[in-house]
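Residue-level listing of the chains:
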Amino acid sequence: MRIGVLELMVIFAVALIVLGPDKMPYYARKLGEGLKEFRKVSSEVTKDLRESVIEPLEEAQRPIREAMEPITELEKDVRGDVEEIKKSFTDLGKAEEKATGREEKSADTPAEAEDMEEAKE
């Protein structure tokens, strides 16, 4: 969430009315000190989380990833072989059609198959 210039001016005006011009610098200084402390604490918490949670998890995942690499490579090889087999079967069907000199239609439904048989006779 971002606060624009207009919002800051409204906040400043309300604070000036509520606190008065003589107490405004004191509370502004306190607000600055509070924000500084909040940033310091939040950066420490972030650092602690990274050191105690994220980095150990990454270290635990590393051997698992290394163990999975051969399996992943094997999967890629098998998928490539399957694709080559599919392509060779597709090419085989096209080669038979060219050898007979005509392209045979395949029937999608039993009714179409009967119509095709009748047309041949």
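Undergrad: Help me understand a nonpolar patch on the surface, please; the structure alone is not making it clear to me.
TA: Taken together, Val5, Leu6, Met9, Val10, Val14, Ile17 and Val18 make up a surface patch of nonpolar side chains, about 760 Å² in accessible area. Locating Ile17 in the fold gives a position in helix H1 (residues 5–19). Taking the relative accessible area as the measure of exposure, Ile17 reaches 72% and is therefore exposed.

Undergrad: Looking at this model, I keep getting lost on H1. Mind explaining?
TA: Owing to its 3.6 residues per turn, the α-helix brings residues three or four apart onto one side. Relative to the 21 Å expected for 15 residues at 1.5 Å per residue, H1 spans 21 Å between its end C-alpha atoms, a close match to the ideal helical length. Of the residues trailing H1, Gly20 is marked for its positive phi of about 95°.

Undergrad: Mind showing me how you'd approach the layout of surface pockets here?
TA: Empty pockets left among the atoms are what a rolling probe the size of a water molecule brings to light. Each pocket or cavity is described by its volume, and for the largest pocket that value is around 320 Å³. Lining the largest pocket are Leu8, Ile11, Phe12, Ala15, Leu19, Met24, Tyr27, Ala28, Leu31, Leu35, Phe38 and Arg39. Put simply, the parts of the chain that give the lining of the largest pocket at least two residues each are H1 and helix H2 (24–100). Broken down by element, the residue count for the lining of the largest pocket peaks at seven residues, all from H2. Of the residues belonging to the lining of the largest pocket, the class tally is 11 nonpolar, no polar and one charged.

Undergrad: Got a minute to help me understand a negative patch on the surface in this structure?
TA: Residues Glu37, Glu44, Asp48, Glu51, Glu55, Glu58 and Glu59 make up a contiguous surface patch of negative charge. Inspection of the secondary structure assignment puts Glu55 in helix H2. Judged by relative accessible area, which is 33%, Glu55 ranks as partly exposed.

Rules and cut-offs
- Residues numbered from 1 in each chain as written.
- Predicted model: local features only at pLDDT ≥ 70, side-chain atom pairs only at ≥ 80, totals over all residues.
- Heavy atoms only, no water.
- Patch = residues over 30% accessible without salt bridge, like charges linked within 9 Å, V, L, I, M, F, W, Y side chains within 5 Å.
- Areas by Shrake-Rupley, 256 points an atom, 1.4 Å probe, with all protein chains shown as cover.
- Salt bridge = Lys/Arg side-chain N within 4 Å of Asp/Glu carboxyl O.
- Helix = DSSP H or I, 4+ residues; strand = E, 2+ residues; numbered from the N terminus.
- Buried < 20%, exposed > 50% of the residue type's maximum accessible area, 1.4 Å probe, protein only.
- Expected span 1.5 Å × (residues − 1).
- 1 Å grid on protein atoms, 1.4 Å probe; cavity = no way out; pocket = protein on both sides within 12 Å on 5 of 7 lines; lining within 4 Å.
- Points joined across faces, edges and corners; volume = space filled by probe spheres on them.
- Nonpolar A, V, L, I, M, F, W, Y, C, P; charged D, E, K, R; others polar.
- Lys, Arg positive; Asp, Glu negative; His and termini not counted.
- Charge placed at Lys NZ, Arg CZ, Asp CG, Glu CD.

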